[in-house]
Amino acid sequence: MQNHLSSQRVNNFDFLRFLFAVFVIITHSYALSGLESQQDLFQQVTNNQVSFSSVGLSGFFVISGYFIFKSFERSSHFYEYLKKRVLRVFPALLIVLLLSLLFVGLIYEGKTPLLLNSSFWTYLPNNLSLYGFQGVISGVFDENSYHSINGSLWTIQYEFSLYLAIALLFFIRGRPIFITIAISFIALVMLSMYHLWIDTFGGVKILGMQGLHILNLGSFFVVGSLLAILDFTKWNSKILVSLLFITILVFFKIGLYNQVKHILFPPFIVGLGFLPVKYISNFSKYGDPSYGIYIYAFPVQQLLIYLYKPSIEIFIILSISISILFGYLSWHLIEKRAMLYKQ
């Protein structure tokens, strides 16, 4: 979700991240419209094994795991690596939080005066800290099916924590064998915990993060990093990606996708990303709107529900269109400029 690939690199990753951001919007559209009982298309065709949003989040974390590890390899020291990660996440996050507080003032319906509402004052620092995620300001969207202003932001704490985990590898920098062993061991442990002991660890909370999401999303990230360590591009091919796709379909058919998703999905996504497709591989020449789409879509959707309550079809179309606009504005006005400070 967070790493922008240079437009000079010929691949499909910018388009894939864009697609994954749109996937999240589609699933959220049903929930925010109060139609949570209705399944999106992915849920229907996979017998409720995955939704658009679960595919989107999984894909984000796979791609992030791969390229964040590459960023670690390119960084000369810890502070350079951390600076890049902070500049990629926080400037755009700060702006969306500030803009959210501005529109809160226009639609606030609470009985307590807004400036005396403690949840108004804690919204910015809690969410900017990542680990104090706060979705709700009382008196805002109280009549919507979901009261959260920006429910999508909960995943950022998981991703940034994984960035920090990768930073620990600087302690064994220059020892590639140790790094490979460490990442392989962590992947094995996380996969074992998710598939064998999820009932034990799924409900555990660490810094407000739930064990289920740490193990699920974290496994996609770690396996993505492992593919980077193993230099996946050396053995990637159209045949391999096709076989992975067919195998995934088979496991969907027999209802066992959840048991194999962390093994099959990451190489499929990374492999697909490195097989350039005409036009799609040049998608990034207009910028990388995926992060902006992701962090603006939820408040955009909540406002649409609050103001218009459109039909689900119109709601999805408007949500995607407006969020894409905000995504490109965020990239060109905030994110791209912030990244200049990496140097």
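Structure: above.
The structure reproduced in this document is the subject of the present report. (Residues numbered from 1 in each chain as written. Predicted model: local features only at pLDDT ≥ 70, side-chain atom pairs only at ≥ 80, totals over all residues. Heavy atoms only, no water.)

1. A few points about the packing of helix 7 (residues 176-196) against helix 11 (residues 257-273)
Definition in use: Under this scheme, a helix contributes an axis fitted over its contacting stretch, all axes are lines through C-alpha atoms, and angles between N-to-C directions fall in the 0 to 180 degree range. Helix numbering and strand numbering both begin at the N terminus, where a helix is a DSSP run of H or I of at least 4 residues and a strand a DSSP run of E of at least 2. By definition in this entry, angles of less than 35 degrees are roughly parallel, angles greater than 145 are roughly antiparallel, angles of 65 to 115 are roughly perpendicular, and the rest are oblique. We call two residues contacting when some pair of their heavy atoms lies within 4.5 Å.
As a packed pair, helix 7 and helix 11 sit with axes 11 Å apart at the nearest point and diverge in direction by 170°. Overall, the two elements helix 7 and helix 11 adopt an arrangement that is roughly antiparallel. Taken together, the residues of helix 11 that come into contact with helix 7 (itself represented by Leu-191, Tyr-194 and His-195) are Asn-258, Gln-259, Lys-261, His-262 and Ile-263.

2. Observations concerning helix 3 (residues 52-74)
The test is simple: To estimate how far a helix should extend, the number of its residues minus one is multiplied by 1.5 Å. Think of it in three bands: with a 1.4 Å probe and only protein chains considered, a residue is buried below 20% of the maximum accessible area for its type, exposed above 50%, and partly exposed in between.
With 23 residues, helix 3 should reach 33 Å at 1.5 Å per residue; the first-to-last C-alpha distance of 33 Å fits that figure. Where burial is concerned, most of helix 3 is hidden: 20 out of the 23 residues are buried.

3. Some points on the packing of helix 3 against helix 4 (residues 78-107)
This is how it is decided: Handedness of each helix crossing follows the sense of rotation of the near helix against the far helix: counterclockwise by less than a right angle gives left-handed, clockwise gives right-handed. Each residue is assigned to one of three groups, with Ala, Val, Leu, Ile, Met, Phe, Trp, Tyr, Cys and Pro labelled nonpolar, Asp, Glu, Lys and Arg labelled charged, and all others, Gly among them, labelled polar.
Contact geometry for helix 3 and helix 4: axes closest at 9 Å, N-to-C directions at 140°. When the interaxial angle is binned, helix 3 and helix 4 end up oblique. Crossing of helix 3 over helix 4 shows right-handed handedness. Each of Ile-68, Ser-71, Phe-72 and Arg-74 in helix 3 lies in contact with helix 4, whose residues at this interface are Glu-80, Tyr-81, Lys-84 and Arg-85. Counted by class, the contact of helix 3 with helix 4 contains three nonpolar, one polar and four charged residues.

4. As for the packing of aromatic side chains
Test applied: Working definition: rings of Phe, Tyr and Trp (its six-membered ring) pair if their centres are within 6.5 Å, and the pair is stacked with planes under 30 degrees apart, edge-to-face with planes over 60 apart, and tilted otherwise. Any Lys NZ or Arg CZ found within 6 Å of a ring centre and within 35 degrees of that ring's normal is scored as a charge over the ring.
All chains considered together, the criterion is met by 31 aromatic pairs. On the numbers, 5.2 Å between centres and 80° between planes, the contact of Phe-120 with Trp-121 is edge-to-face. Through a chain of ring-to-ring contacts, three or more aromatic side chains come together here, namely Phe-20, Phe-23, Phe-42, Phe-52, Phe-60 and Tyr-294. The ring of Tyr-163 carries the charged tip of Arg-85 above its face, separated from the ring centre by 5.5 Å.

5. A short note on the pattern of salt bridges
Defined as follows: We define a salt bridge as a contact between a side-chain nitrogen of Lys or Arg and a carboxyl oxygen of Asp or Glu at a distance within 4 Å.
Within the structure shown, the criterion is met by six salt bridges. For the salt bridge of Arg-88 with Asp-288, the shortest nitrogen-to-oxygen distance reads 3.5 Å. With Arg-88 in helix 4 and Asp-288 in the loop between helix 11 and helix 12 (290-307), this residue pair connects regions lying 200 residues apart in the sequence. Each of Asp-14, Arg-17, Arg-88, Asp-288 and Glu-335 takes part in salt bridges that share partners, so that together they form one network.

6. Description of a nonpolar patch on the surface
Going by this rule: Surface patches are drawn from residues lacking salt bridges whose relative accessible area is over 30%; two like charges belong together within 9 Å, two nonpolar side chains (Val, Leu, Ile, Met, Phe, Trp, Tyr) within 5 Å. The method behind every accessible area is Shrake-Rupley, applied with a 1.4 Å probe, and residues are considered shielded solely by the protein chains displayed.
Together, Leu-196, Trp-197, Phe-201, Val-204, Ile-206 and Leu-207 give the surface a local cluster of nonpolar side chains, amounting to about 600 Å² of exposed area. Residue placement: Val-204 occurs in the loop between helix 8 (198-201) and strand 1 (205-206).

7. With respect to the environment of Ser-242
Its location among the elements puts Ser-242 in helix 10 (residues 238-253). Using a relative accessible area of 41% as the deciding quantity, one classes Ser-242 as partly exposed. Sequence separation of Ser-242 and Phe-268 is 26 residues, and the distance between their C-alpha atoms is 8.4 Å.

8. Some words on unusual backbone geometry
A positive phi is found at Phe-141, a non-glycine position, where the angle reads about 60°. Within the fold, Phe-141 resides in the loop between helix 5 (118-128) and helix 6 (154-167). For Phe-141, a relative accessible area of 2% gives the class buried. A positive phi angle, near 50°, is found at Lys-309, a position not held by glycine. Structurally, Lys-309 can be placed in the loop between helix 12 and helix 13 (312-339).

Honestly, it's all geometry; don't read function into it.
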